[in-house]
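Here are the chains, one letter per residue:
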Amino acid sequence: MDKRNVCVIGAGVAGLTTAYLLSQNRRYRIVVAAKHMPGDYDIEYASPWAGANYMPVSLRGTREEQWDRDTWAPLADLAQNHPDAGVHFQECEIHSRAKDIGSATADWFAELLSPNPWFKDVVPNFRVLPKESLPPGIDSATAFTSVCINTAIYLPWLVSQCLKNGVIFKRAVFKHIREAAQFAPSGKVDIVINCTGLGASVLGGVEDTTVVPARAQIVLVRNDAGKMMDFSGTDDGEGEACYIMTRAAGGGTILGGCYQKGNWESQVDPNLAVRIMKRAVASCPTLTGGKGIEHLDIIRHGVGLRPVREGGTRVEKERIEGLWVVHNYGAGGAGYQSSYGCASNAVQLVEETLAPASKI
Ligand code: FAD
């Protein structure tokens, strides 16, 4: 049996999904090596902090659209058929205010805010909400059925699926990507998959300085919102956002947020936390039965750094110092909703690099 040794660097949603898909082909002996693993909460590890839901912001006709498209069916399958993965269906409302047109958030959300986005035939029940049903201050809105992922269940679930398929997990901190060549279960590593997120900006041999943080601050509460909501903007400044999502299986409700590009600050800004909570209870009175923020039951405050890459997620192969590397990093705020699309693309690149790769 012609087995090939693969080292996946990174145990965020990108690394775990790639390892999971790759491990379905028994031809590969896989080690996932990472500084942070599911269970850790750290500013260098974006995945546990995410909402996480499926709200595409990718533009029509781009690679990102294809990755998001390819991810809906696997996530819907998890919600439908695998309750142990911690993913559930949830209604989602996208609210637009005319005054936000041209702002950074509205530009970023251009496709999401459109009454005719590419994903309207991908997600179930897409509809434009009647004007008379909209709350004051909202000029238009759409709704659809999406999914919300409880990352505290889903990331360990991905680890379990990998373990069942024989994947080995190890803690490691790499200064240079060439060090991953030593991480084979036996023999030499044939290919390294680089899923280091923001870490790709400093990892030797990669040092992609176009990867920068987009800081996200959230409040996780016990209150139930009943649906997910997202807004085209807020009255609190360009870098601020308002979104609400209730995670599956008792995971609490995430209140967000902000999108602060280039900001590495790991500590919670208490003033921003108050603004996040005020916006959430004003936009979604169900959270507190119409009462103020003192009726929010806080589980924790959090800060995560979305790994944003100029030019979009990097799914590419490259030869670095004689070592084959497939990259899958830089998904920004879309790491979950593009996860299966990007990971299958990365698996394809591994297969064509190590050809012939027949399924065994
Ligand atoms: P990470 O999760 O950061 O993982 C990187 C991994 O690489 C870690 O294991 C780390 O230890 C390892 N690593 C890095 N460098 C090294 C090194 N040198 N040596 C060893 N290991 C290394 N996305 C959505 O799709 N939907 C959402 O609703 C959503 N909401 C979000 C809300 C918040 C508050 C935040 C912060 C993000 C949100 N995102 C969402 C974005 C999503 O979380 C990210 O796109 C995704 O988690 C990135 O995953 P990753 O695996 O690329 O990186």
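In what follows, the accompanying structure is described.

Thresholds applied
Residues numbered from 1 in each chain as written. Predicted model: local features only at pLDDT ≥ 70, side-chain atom pairs only at ≥ 80, totals over all residues. Heavy atoms only, no water. Buried < 20%, exposed > 50% of the residue type's maximum accessible area, 1.4 Å probe, protein only. Helix = DSSP H or I, 4+ residues; strand = E, 2+ residues; numbered from the N terminus. Pairing = 2+ DSSP bridges. Expected span 1.5 Å × (residues − 1). Polar contact = N/O pair within 3.5 Å; in protein donor to acceptor, adjacent residues only side chain to side chain. Contact = heavy atoms within 4.5 Å. Core = buried A, V, L, I, M, F, W, Y, C linked by side-chain atoms within 4.5 Å. Axes fitted to C-alpha atoms, helices over the stretch in contact; angles between N-to-C directions. 1 Å grid on protein atoms, 1.4 Å probe; cavity = no way out; pocket = protein on both sides within 12 Å on 5 of 7 lines; lining within 4 Å. Points joined across faces, edges and corners; volume = space filled by probe spheres on them. Nonpolar A, V, L, I, M, F, W, Y, C, P; charged D, E, K, R; others polar. Near = heavy atom within 4 Å. Areas by Shrake-Rupley, 256 points an atom, 1.4 Å probe, with all protein chains shown as cover.

1. Description of the pairing of strand 3 (residues 87-96)
Okay, step 1: Burial analysis of strand 3 places seven of its 10 residues in the buried class, the great majority of the element.
Okay, step 2: Pairing of strand 3 with strand 5 (residues 140-149) involves 10 bridges; the strand directions are antiparallel. Paired with Ile94 across the bridge in strand 5 is Thr142.
Okay, step 3: In this structure, strand 3 lies alongside strand 9 (residues 228-231), joined through four bridges in parallel fashion. Its bridge partner being in strand 9, Ile94 is matched across the sheet by Asp230.

2. Describing helix 6 (residues 270-283)
The periodicity of an α-helix, 3.6 residues per turn, causes residues three or four positions apart to be oriented the same way.
Okay, step 1: When the terminal C-alpha atoms of helix 6 are compared, their 20 Å separation across 14 residues agrees well with the 20 Å that a helix rising 1.5 Å per residue should span.
Okay, step 2: Listed in full, the buried residues belonging to helix 6 are Leu272, Ala273, Ile276, Met277, Arg279, Ala280 and Val281.
Okay, step 3: In this structure Asp269 caps helix 6, since a side-chain oxygen of it lies 2.9 Å from the backbone nitrogen of Asn271.

3. What to know about the side chain of Arg4
Okay, step 1: Following the sequence through the fold, Arg4 ends up in strand 1 (residues 4-9).
Okay, step 2: With near-sequence residues (within four places) excluded, Arg4 lies in contact with Arg27, Tyr28, Arg29, Asp190 and Leu354.

4. Let's talk about the nonpolar core
Okay, step 1: Among the nonpolar cores identified, the biggest contains 70 residues, and Ile30, Tyr154 and Tyr340 are the most heavily contacted of them.
Okay, step 2: Take this core: its biggest share by element is seven residues, from helix 7 (residues 339-353).
Okay, step 3: Not counting the four nearest positions on each side in its chain, Tyr340 is found in contact with Thr17, Tyr20, Leu21, Asp70, Thr71, Pro74, Leu75, Leu78, Tyr154, Trp157 and Leu158.

5. As for the sheet that holds strand 14 (residues 314-320)
Okay, step 1: As summarised here, the arrangement of the six strands in space is 6-2-1-7-15-14, forming an open sheet in which the pairing is mixed. Two strands lie at the open edges of the sheet, namely strand 6 (168-171) and strand 14, each paired on one side alone. Adjacent strand axes in the sheet meet at a mean angle of 20 degrees when their direction is disregarded.
Okay, step 2: In this structure, strand 7 (residues 191-194) lies alongside strand 15 (residues 323-329), joined through three bridges in parallel fashion. Each residue of the ladder has a partner; that of Ile193, found in strand 15, is Val326.

6. As for empty space enclosed by the protein
Okay, step 1: If you walk through the whole model with that rule in mind, you get one cavity of 30 Å³ or more.
Okay, step 2: Approximately 40 Å³ is the volume found for the largest cavity.
Okay, step 3: Tallied by class, residues from the lining of the largest cavity come to six nonpolar, no polar and two charged.

7. Quick notes on the site of the ligand
Okay, step 1: The ligand sits among 39 residues. The nearest are His36, Ser47, Asn53, Gly332 and Gln337.
Okay, step 2: In this structure, Tyr336 approaches the ligand through a main-chain N or O atom, which is 2.8 Å from an oxygen atom.
Okay, step 3: Note that an oxygen atom of the ligand is positioned 2.8 Å from one of the backbone N or O atoms of Gln337.
Okay, step 4: For the ligand, whose free accessible area comes to 1,000 Å², the fraction covered by protein is 95%.
Okay, step 5: Going through the elements one at a time, helix 1 (13-22), strand 8 (211-221), strand 10 (240-246) and strand 13 (298-309) are the ones with two or more residues in the shell around the ligand.
Okay, step 6: With three residues, strand 13 is the single largest residue contributor to the shell around the ligand.
Okay, step 7: Residue composition of the shell around the ligand, grouped by class: 22 nonpolar, 14 polar and three charged.

8. Some points on the layout of surface pockets
Okay, step 1: If you add up the space inside the second largest pocket, you get close to 490 Å³.
Okay, step 2: Along the wall of the second largest pocket there are 23 residues; nearest its centre are Val57, Ser58, Glu64, Trp108 and Gly312.
Okay, step 3: Residue contributions to the lining of the second largest pocket peak at three residues, all from helix 2 (residues 63-81).

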